[in-house]
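Given next are the chains, with one letter for each unit.
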Amino acid sequence: MLARLGPRRGTLMPLARRYKPAKVERALRTCWQEEGIYRFARDGRPVYAIDTPPPTVSGLLHLGHVYSYSQTDFIARYRRMIGDDVLYPMGYDDNGLPTERLVEKTIGVRATDIGRQAFIEKCLQISEETERNYQELWERLGLSVDWQNTYRTIDDDSRRLSQLSFLDLYQKGLAYRRRAPAIWCPECQTAIAQAELDDLERESEFVTVPFKLDDASTLLVATTRPELLPACVALFVHPEDDRYRQLVGRQATVPLFGQAVRVLDDPAAEPDKGTGAVMCCTFGDTSDVAWWYTYNLDLVEAVGRDGRLTSAAGDFAGQTVPGARELIKQALSERQLLTERYPTTQSLRVHERCDTPVEYVVAAQWFVRVMEYKEALLAAGERVRWYPAQMKNRYKQWVDNLNWDWCISRQRYFGVPFPIWFCDECGEIITAEPSALPVDPADASPSGPCICGNTRFRPETDVMDTWATSSITPQRVGQLVGASGFDGQRFEPLSLRPQAHEIIRTWAFYSLVKAYHHFGIRPWNEVAISGWGLAPEGTGKISKSRGGGPISPLEMIERYSADAVRYWAASSGLGKDAVISEKKIQSGSKLVTKLWNVARFSQRFLADYRPPTSPPTLLLSDRWILSRLHEVIASASEHFAELDYAAAKSIVENFFWTDLADNYLEMIKKRLYDSAEIVNGIEASAGARYALYHALLATIKLLAPILPYVTEEIYRGLFEVNDNPASIHISDWPTAEPHWVDKQASQIGQALLSIATAVRRYKSHSNLSLGAEIARLHVAVDDLTVGQALQEARTDIRSVTRARVVTISARPDPTLLIISAEGALSVGLLPVE
């Protein structure tokens, strides 16, 4: 427990006249690091382990990242304050295609231009520089990360785990290699997985072309991709389409290219699309792939990996896909083989990294089996608690709609190599010994000869998909608590996986796949799904690989403070997108300033205050604020426990502004300034100091997960010595004290608020300042109990209203507000229900 409490200074530091965020934030960051405030202690307390999203090293971090990573930090800070030993690491996903594209963009050359080793060195150099920039932002933002527990997905430990994961899957028959159609990005020059596809709408054109049948009749076929005519291997119609039933089994000749194909029937053919007859080409889409497998069709590879037509396209070989499309339409038209053309809107599958339309090419790739495990993976998703709950449906929909096994191989340089060699003699696959990992097969050899006796080997040159490596972050983080290891097959679920909703289909799904295949259990107990931070105009998600958005996070932090930016991030709950709002950040800045001003005012009364173990006699307003405080602590704690930091913030903020700052402080000022005043035989200031101490301390603790800097500075200046820990962030979460509950005070407290509100309205209507005195305030009530309580609270009523004289009597009439000729004020109050 001592490690958690940290060192104590023993003296309180006076709060400066003005709060200067840049100076305070810099000093506190240094203190937090030197004092180890956020260090994972391993001291026997319950462990709360967070599978922190390792950001891909692909460009500039933006306010969208600030939005989601702040939300994780709110949860981490709350869990630390309720007594958990929080493991909050940071990782960097710096192996694979996103980093390669960043490097190519940065140095202005492609990987193939400078060679494998030189390019890998550039990737390592630029990713390290980028990660330092990432860490600077995270520290400035105030993330309570334990920086001693930082990893890279390209470091030795991560590569070893990734290769162990692959070997385990391979030995279980769950990873396999085959030559098969794969989704291919011509721009990135690599295979990709189904989960890396996006849909892009574009204007296109249907063209109708005649296929000559073996009896010289014609079958019209409409297509948006005439460039695939040389790869046409069959025509399909629906079995119940009466127009074509008699044509099934006939031969047809492909226009312009001349090959003969069969007419087949299949329920997947859509009678209402085009002419109802559709080409099967190898390959235009997943339907083509499915038909090719099902009907054992020929393979004609008309589109190469470079996105250009192959020799199978004859005179059109070497043309890009878009160029060939136009040239082939022109040739069809010239030969009068284009019977109709009309515009259409087409949904195109594109690579999410570059928006390039994908092709389907046949290549030898590594796959992980998922199709035959869909039911088990759906059940695994059910064993995880999702926040918000409806996000589980996105996971289920993704699993339900899977069409492919998971392709995990990439034809790139910078990544984790497969620990595999191929025998030059017999083609046998040889795996590396686990003790030799991590290994690069290009620089090493197997530990012994092949089973055929041959000693010459060819290394696997493909690398693993970045999702294949980042999907084991639960195990990578689990190592830090001794809860994982592919060698011993031991793993315990982590506490929390925070992540964005668009990668449910990738990171969440693939992590569940790996945990299920390796250990048969879930990787974490809970998943917190964040939304997107949208560009100010609300046009969509900001992308770090495309510039990072119009507003720099550091610029916002420097202009308004880290707390103010975090305030904006806490204004929307999990799963909700939020437009970046400078106005809301400004509101956060105002809250920071108000907290500071309230603390400075309170300092003269609380700096040397030692709260008694038993409360002093409390006046009405004291009992009211403590009763309200009990409600606020209970409600905010309940919301934080359900990861609803936004609702908790709203509750606490409303309490601070309305109840504490605007009303209670104004009610007790006279008692605080005149500490010798006796009210009804009671030392008037004792209850005020007691209630103010507890209300302000609880308020800053409840806001500490969201506003870590200003709450820490106030805590160290006013409360550290009494509260004991050296930091608010390792202090105890506020407790809702049952003895504070006072239903009558809560009800009559509303009468006090009504009086204060009526007086403020009167002053505003009369163009008076809120601090202006009024000659006389008359309060008329119908309820004797309320009247008696208000008699005892006249000092506080005078304080909050600035009335020289306060009188309370029976209600004279139903008028709520009466302004007399003498400048007096009368407030009529309804009976308390």
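Parameters and conventions
- What you see as residue numbers is a count from 1 along each chain, following the sequence as written.
- Residue-level local features of this predicted model are given only where pLDDT is at least 70; pairs of side-chain atoms are given and counted only at 80 or more, and the full residue set underlies all totals for whole chains, interfaces and linings.
- Side-chain measures here rest on the full set of heavy atoms in the structure, leaving out hydrogens and waters.
- In this description, strands pair whenever DSSP reports at least two bridges between them.
- Secondary structure follows DSSP: runs of H or I at least 4 residues long count as helices, runs of E at least 2 residues long count as strands, and numbering of each begins at the N terminus.
- Whenever a helix is involved, its axis is fitted only over the stretch in contact; in every case the axis is a line through C-alpha atoms, and angles between N-to-C directions fall within 0 to 180 degrees.
- Buriedness for pockets is judged along seven lines, at least five of which must meet protein on both sides within 12 Å for an open set on the 1 Å grid over protein atoms alone, while cavities are sets there where a 1.4 Å probe fits but cannot get out, and lining residues have an atom within 4 Å of a point.
- Grid points are joined across faces, edges and corners, and a volume is the space filled by probe spheres set on the points.
- A pair is scored as a salt bridge if a Lys or Arg side-chain nitrogen falls within 4 Å of a carboxyl oxygen belonging to Asp or Glu.
- When accessible area is computed with a 1.4 Å probe and restricted to protein chains, residues below 20% of their type maximum are described as buried, those above 50% as exposed, and intermediate ones as partly exposed.
- Geometry of aromatic contacts follows a simple scheme: Phe, Tyr and Trp rings, the Trp one being its six-membered ring, pair when their centres are within 6.5 Å, and the pair is stacked under 30 degrees between planes, edge-to-face over 60, tilted otherwise.
- When the NZ atom of lysine or the CZ atom of arginine is within 6 Å of a ring's centre and also within 35 degrees of its normal, the charge is said to sit over that ring.
- Contacts are assigned to residue pairs with any non-hydrogen atoms lying within 4.5 Å of each other.
- To be clear, the arc concerns the directions from the helix axis to the C-beta atoms.
- Polar contact is the term for a pair of N or O atoms within 3.5 Å; when the atoms are in protein, one must be able to donate a hydrogen and the other to accept it, and sequence-neighboring residues count only if both atoms are side-chain atoms.

Asks: Explain the sheet that holds strand β19 (residues 429-431) to me, and be specific about the residues and the numbers.
Replies: Taking strand neighbours across the sheet as the criterion, the three strands line up as β19-β18-β20 in an open arrangement whose pairing is antiparallel. Lying at the two open borders of the sheet, with one neighbouring strand each, are β19 and β20 (457-459). On average, each strand axis in the sheet is tilted by 35 degrees relative to the strand beside it, whichever way the strands run. Taken together, the three bridges between strand β18 (residues 420-423) and β19 define a ladder with antiparallel strand orientation. Across the sheet, residue Phe422 finds its bridge partner in β19, namely Ile429.

Asks: Give me the lowdown on the sheet that holds strand β14 (residues 359-368), citing residues and values where you can.
Replies: Taking strand neighbours across the sheet as the criterion, the four strands line up as β6-β5-β14-β16 in an open arrangement whose pairing is antiparallel. Of all strands in the sheet, those bounded by a partner on one side alone are β6 (190-192) and β16 (406-407). Here β14 pairs with β16 via two bridges, running antiparallel. Considered in β16, the bridge of Phe367 is made with Cys407.

Asks: Residue-level account of the layout of surface pockets, with values.
Replies: Size it by volume and the second largest pocket reaches roughly 1,100 Å³. Lining the second largest pocket are 40 residues; nearest its centre among them are Thr224, Arg225, Gly284, Asp285 and Gln346. If you list the elements that add at least two residues to the lining of the second largest pocket, you get β7 (197-213), β8 (218-223), β12 (278-281), α8 (286-295), α9 (321-334), β13 (340-351) and β14.

Asks: Before we move on, can you summarise the pattern of salt bridges with the specific residues and values?
Replies: A full pass over the atoms with the stated rule returns 52 salt bridges. Between Arg45 and Asp85 there is a salt bridge, with its nearest N and O atoms 3.7 Å apart. Here Asp85 lies in strand β2 (residues 85-87) and Arg45 lies in the loop between α2 (21-35) and β1 (47-49), a separation of 40 residues in the sequence. For Arg45, a relative accessible area of 17% translates into the label buried.

Asks: Account for the packing of aromatic side chains, naming residues and giving values.
Replies: Across all of its chains, the model carries 36 aromatic pairs by this definition. With a centroid separation of 5.9 Å and 75 degrees between ring planes, the pair formed by Tyr170 and Trp366 is classed as edge-to-face. One end of the pair, Tyr170, is in helix α7 (residues 156-171); the other, Trp366, is in strand β14, and 196 residues separate them in sequence. A residue is classified by how much of its surface remains accessible, and Tyr170, at 26% relative accessible area, is partly exposed. Classification of Trp366 as buried rests on a relative accessible area of 1%. Taken together, Trp386, Tyr395, Trp406, Phe509 and Tyr510 form an aromatic cluster joined through their ring pairs. Sitting over the face of the ring of Tyr567, Lys649 holds its NZ or CZ atom 3.9 Å from the ring centroid. Lys669 extends its terminal NZ or CZ atom over the ring of Phe601, reaching a point 5.2 Å from the ring centre.

Asks: Which residues make up the side chain of Arg140, and what are the values?
Replies: Mapped onto the fold, Arg140 is located in helix α6 (residues 116-141). In this view, Arg140 contacts Arg29, Leu554, Ile557, Glu558, Ala562 and Tyr709; residues no more than four positions away in its chain are not counted.

Asks: Break down helix α15 (residues 553-560) for me, with residues and values.
Replies: For α15, the full list of buried residues reads Pro553, Met556, Ile557 and Tyr560. With its buried residues spanning 100 degrees around the axis, α15 presents them on a single face. Along its buried surface, α15 packs onto α2, α3 (63-81), α6, α16 (562-569) and α17 (582-606). For α15, the capping residue at the N-terminal end is Ser552, with a side-chain oxygen 3.3 Å from the backbone nitrogen of Leu554. In the segment just after α15, Ser561 is the residue with positive phi, at about 105 degrees.

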